Amino acid sequence: METSSQTPLIGFGSTFSYKNVSFGFLVDARLGGEIFSGTNRSLQNAGSGAATVVNGERADIVVPGVVQDENGIFSTNTTPVTPQNYWSAVTNRSGNLGITEANIYDATNVRLRTLNLRYDFTANALEHTPLEKAYIGVSATNVWMITSHLNGVDPESVYATSTNAVGFENSAPPTTRTVFFNFGVSF
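Report follows, based on the coordinates. (Residues numbered from 1 in each chain as written. Predicted model: local features only at pLDDT ≥ 70, side-chain atom pairs only at ≥ 80, totals over all residues. Heavy atoms only, no water.)

**A few points about the overall build of the protein chain**
Inference 1: A count of helical and extended segments in the protein chain gives three helices and 12 strands.
Inference 2: The C-alpha atoms of the protein chain give 25 Å as radius of gyration, which overshoots the globular expectation for 187 residues (16 Å, by more than 25%).
Inference 3: Along the first, second and third principal axes, the C-alpha atoms of the protein chain reach 95 × 35 × 25 Å.
Inference 4: A burial count over the protein chain gives 26% of its 187 residues as buried.
Inference 5: Across the protein chain, contacts joining residues at least 24 apart in sequence account for 65% of those joining residues at least 6 apart.
Inference 6: Surface summary for the protein chain: the accessible area is close to 12,300 Å², and the carbon and sulfur share equals 57%.
Inference 7: Once the 10 positive and 15 negative side-chain charges of the protein chain are each reduced to a mean point, those two points are 12 Å apart. (Helix = DSSP H or I, 4+ residues; strand = E, 2+ residues; numbered from the N terminus. Rg over C-alpha atoms; globule rule 2.2 N^0.38 Å. Buried < 20%, exposed > 50% of the residue type's maximum accessible area, 1.4 Å probe, protein only. Contact = heavy atoms within 4.5 Å. Areas by Shrake-Rupley, 256 points an atom, 1.4 Å probe, with all protein chains shown as cover. Lys, Arg positive; Asp, Glu negative; His and termini not counted. Charge placed at Lys NZ, Arg CZ, Asp CG, Glu CD.)

**A few points about the packing of aromatic side chains**
Inference 1: With the rule as written, the count across this model stands at six aromatic pairs.
Inference 2: With a centroid separation of 6.3 Å and an interplanar angle of 15°, the aromatic rings of phenylalanine 16 and phenylalanine 25 are classed as stacked.
Inference 3: Ring centres of tyrosine 86 and tryptophan 87 lie 4.9 Å apart, and the angle between their planes is 85°; this geometry places the pair in the edge-to-face category.
Inference 4: Residue classification places tyrosine 86 among the partly exposed residues on the basis of a relative accessible area of 24%.
Inference 5: Every member of this aromatic cluster is reached through a ring pair, and the members are Phe12, Phe16, Phe23 and Phe25.
Inference 6: Between arginine 118 and the ring centre of tyrosine 135, over which it is positioned, the NZ or CZ distance is 3.7 Å. (Phe/Tyr/Trp six-rings, centres within 6.5 Å; stacked < 30°, edge-to-face > 60°. Lys NZ or Arg CZ within 6 Å of the ring centre and 35° of its normal.)

Remember, this is a structural readout, not a statement about activity or role.
As structure tokens, then:
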């Protein structure tokens, strides 16, 4: 598996100002890499993952591949299996027997990382105060996951912080969205 530390990171940000108002943003992206999703595996095992339901139904599944008959001849598989049997095979948790490749995803993601809005008070608004300058603002981080291939799981979720286990996610909470209100003055 290619680790996240080997993938390029790009970003684009800008700040726009008009009179006393400024607006800034940062969009960043991680391009490439692969990540194993333990969260998706657990959801599939429980039958509650989106992948376990096709068009609102749990119809039998014909797994693409070939089968060998009693004469040693290979032919296209046409034998359906129940969704429960299929997902049990994919997510088998006894040892390393499942089909782990089914839960390896492209780690590419693009997100709106930060937004900020600021208003600087005019000198006229501050003329009868001891303040020389003042501003009020709001900013937010981890605002919006624009695109990701992990079926609703944040690819920046990590398996463990005390290891170098890059490329694994296992029921980790998503990165936190934070909102800051700020106020600054100078005398």
